Amino acid sequence: MDKLNPPRSNEPAVWLLFGAGGAISAVFFPVLVLILGFLLPFGLITPDNIIAFAHTWIGKLAILALLIFPMWCGMHRVHLGLHDFKIHVPAGAWIFYGLSALYSVLVIFAVINL
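Residues numbered from 1 in each chain as written. Predicted model: local features only at pLDDT ≥ 70, side-chain atom pairs only at ≥ 80, totals over all residues. Heavy atoms only, no water.

- Looking at an unreviewed UniProt entry, one finds the protein named Fumarate reductase subunit D and attributed to Actinobacillus indolicus.

Here it is in structure tokens:
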């Protein structure tokens, strides 16, 4: 192995999903708390509006982004957190990222069937 041709790694893809999940969580979860925690209970938004938005293609993309990317971020944090505590799960990357991939596929099928 030389310095000009380092071995390939899956780290860039995992860090991309991790970063996207963290950014989406930071930006959009306060908006969801506002909508679902305050506006909906006080009757300022009706559930029909939310359901109608969820059936549009942009609503489906929003649901996908809000569900899939934070899961990848969370699983990456769990995987690295266990590593920091010196708890080494055999094939941990395969387990945590595999669960995230399985969850992603299930969410995609669920949202398509809305």
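Next comes the rest of the description.
## Section: helix 1 (residues 11–39)
In step 1: The end-to-end C-alpha separation of helix 1 is 40 Å, in line with the 42 Å expected for 29 residues at 1.5 Å each.
In step 2: The sharpest bend along helix 1 measures roughly 40° and falls at F28, with the proline P30 sitting one to four residues further on. (Helix = DSSP H or I, 4+ residues; strand = E, 2+ residues; numbered from the N terminus. Expected span 1.5 Å × (residues − 1). Bend = angle between axes of the 7 residues up to and from the residue.)

## Section: the UniProt feature "transmembrane region" (unreviewed entry) in the protein
In step 1: Per the UniProt record, the feature "transmembrane region" (unreviewed entry) sits at residues 12–40, 52–72 and 92–112.
In step 2: Helix makes up 97% of residues 12–40 and strand 0%, with an end-to-end C-alpha separation of 39 Å. (UniProt positions renumbered as here; feature names shortened; annotations may be inferred.)

## Topic: the packing of aromatic side chains
In step 1: Summed over the entire model, instances satisfying the criterion amount to 2 aromatic pairs.
In step 2: Ring centres of W15 and F18 lie 5.1 Å apart, and the angle between their planes is 85°; this geometry places the pair in the edge-to-face category. In this pair, W15 and F18 both sit in helix 1, 3 residues apart, roughly one turn of the helix.
In step 3: For W15, a relative accessible area of 42% corresponds to the partly exposed category.
In step 4: Overall, the relative accessible area of 16% leaves F18 in the buried class.
In step 5: Seen from their ring centres, W72 and Y97 are 6.2 Å apart, and the 15° between their planes marks the pair as stacked. (Phe/Tyr/Trp six-rings, centres within 6.5 Å; stacked < 30°, edge-to-face > 60°. Buried < 20%, exposed > 50% of the residue type's maximum accessible area, 1.4 Å probe, protein only.)

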